[in-house]
Amino acid sequence: MAIKHFLQFKDFSRDEFEYLFERTAWIKNQFKSYHKYWPLEDRTLVMIFEKASTRTRLSFEAGMHQLGGAAIYLNTRDSQLGRGEPVEDAAQVISRMSDIVMIRTFEQEIIERFAANSRVPVINGLTNEYHPCQILADIFTYIEHRGCIQGKTVAWVGDANNMCNTWLQAAEVLDFKVNVSTPPGYELNPALIAGVEASCFEVFADPMAACRGADLVTTDVWTSMGYEAENEARMKAFADWCVDAEMMAVANPQAVFMHCLPAHRGEEVTAEVIDGPQSVVWDEAENRLHVQKALMEYLMLGRLQG
Ligand code: CP
Ligand code: NVA
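As a starting point, this report considers the structure included with it. Note that the structure is a prediction, hence the values are computed from the model and not measured. Position numbers for residues start from 1 in each chain and track the written sequence from start to end. Chains and ligands are labelled by the order in which they are written, letters from A for the one and numbers from 1 for the other. The predicted nature of this model means local features are confined to residues of pLDDT at least 70 and side-chain atom pairs, given and counted, to a pLDDT of 80 or more, with totals for whole chains, interfaces and linings taken over all residues. For side-chain calculations, the full set of non-hydrogen atoms in the structure is used, while hydrogens and water are omitted.

### Re the nonpolar core
In this description, a nonpolar core means a group of buried Ala, Val, Leu, Ile, Met, Phe, Trp, Tyr and Cys residues linked to one another through side-chain atoms lying within 4.5 Å. For the exposure calls, accessible area comes from a 1.4 Å probe over protein chains only, and a residue counts as buried if that area is under 20% of its type's maximum, exposed if over 50%, partly exposed in between. Formed by 58 residues in total, the largest nonpolar core has its most connected members in Phe9, Phe17, Ile139, Trp167, Phe176, Val178 and Met296. Strands here mean DSSP runs of E at least two residues long; helices mean DSSP runs of H or I at least four residues long; both are numbered from the N terminus. Counting residues per element, this core draws most heavily on helix H6 (residues 162–174), at eight residues. The contact definition used throughout considers only heavy atoms, calling two residues in contact when any of these lie within 4.5 Å. Beyond its immediate stretch of four places on either side in the chain, methionine 296 contacts Leu40, Leu45, Phe60, Gly63, Met64, Leu67, Ile100 and Ile123. In this structure, Cys211, Trp222, Met248 and Ala251 belong to the second largest nonpolar core, which totals 22 residues.

### Structural notes on the environment of leucine 304
Position of leucine 304 among the secondary structure elements: in the segment after helix H11 (281–301). Each C-alpha atom of the pair leucine 304 and valine 273 lies 39 Å from the other, and the pair is 31 residues apart in sequence. If we skip the residues at most four places from it in the chain, leucine 304 touches Tyr19, Arg23, Tyr37 and Glu297.

### Overview of the site of ligand 2
For this purpose, a residue is taken to be near a molecule or strand whenever a single non-hydrogen atom of the residue falls within 4 Å of it. Neighbouring residues of ligand 2: Leu126, Asn161, Asn162, Asp220, Val221, Ser224, Met225, Cys260 and Leu261. Side-chain atoms alone can form a polar contact between residues adjacent in sequence; in general such a contact is a pair of N or O atoms within 3.5 Å, and within protein one must be able to donate a hydrogen while the other accepts it. Within the contact set of ligand 2, a nitrogen atom lies 3.3 Å away from a side-chain nitrogen or oxygen of asparagine 161. At 2.8 Å, a side-chain N or O of asparagine 162 approaches an oxygen atom of ligand 2. Computed by Shrake-Rupley with a 1.4 Å probe, the accessible areas treat only the displayed protein chains as cover when residues are assessed. Alone, ligand 2 offers 270 Å² of accessible surface; in the complex the protein occludes 93% of this.

### What to know about the state of the cysteines
By definition, disulfides here are pairs of cysteine sulfur atoms that lie within 2.5 Å. Across all of its chains, the model carries zero disulfides by this definition. Between cysteine 133, a free cysteine, and cysteine 260, which holds the nearest cysteine sulfur, the sulfur-to-sulfur gap is 12 Å. For cysteine 133, a relative accessible area of 0% gives the class buried.

### Some words on the sheet that holds strand E5 (residues 153–157)
The strands making up a sheet are joined through hydrogen bonds of the backbone, oriented either antiparallel or parallel. The pairing criterion is simple: DSSP has to find at least two bridges between the two strands. If you trace the five strands from one edge of the open sheet to the other, you get E7-E6-E5-E8-E9, paired in parallel fashion. With one partner strand each, in any of the chains shown, strand E7 (201–203) and strand E9 (256–259) form the two edges of the open sheet. Averaged over all pairs of adjacent strands, the angle between strand axes in this sheet comes to 20°, irrespective of strand direction. Bridge count for strand E8 (residues 216–219) against E9 is four bridges, and the pairing is parallel. Counterpart to valine 217 in the pairing with E9 is phenylalanine 257. Axis geometry follows a simple rule: fit a line to the C-alpha atoms, using only the stretch in contact for helices, then measure angles between N-to-C directions, giving values from 0 to 180 degrees.

This is the structure we're talking about:
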């Protein structure tokens, strides 16, 4: 049987996401009730980080521990990965000694090559192009706060980055719409959203217009990891793409605000919004833990019941 990976959001069907969201709620409830649940006892997760992380490392490591397994952290600085060992060779070796692998790296191509040579499931913990685990947590958070996301509108304000590309894939799989507003010069990359139905997103020059009537307003840093050399130019170009109270005021009065974090108050979002009553960012961050536990369980054990 082919090994299942989670490299892009569109790797899973709507039916699989529906299962995962239900399973996440059950796993979260077990955890909150202090019930020991160890389906992954004696299993090992290897986490490979080529970029910095707080939430992704913590949620995968704690999550694996809570499911009865162990997690090993590798980075490029002190493993052979940073010294030119081919990714294909690393995949062969790492996947013979572990049961599941999570990778945070630069180009999506790296993770695709790793997965093609892996004997165990591989999870994308963020690439330049996509961040599927974060969108899994975001949608679970939306469902917890507001119910089904089908037919709803998400406003994306800012960079057409890995988060934005993944929102668009999710819109297609789960049948909602994304209003995208980016500064000139930082628009969506057609190659990365090729295959996403045109009816799933709409591009707006004005961020206020993108937020009008939206059920969820979200943004991300102006400069993603790996793009630091562009920081100065981006600070100028993105100045009007700051989610503020005015943008939230034109959204649906029930709209929630999300941010994958880390956030820069005063840049992509005002303190008033991210620390305000519509913000669900702390639930969103916590839910990384719960959705990824369901994801790892699913990739290793398949569908389970209660
Ligand atoms: N949101 C997110 O992936 O955070 P980290 O970079 O801290 O892992
Ligand atoms: N777009 C950001 C997300 C960080 C979690 C980055 O890639 O740096």
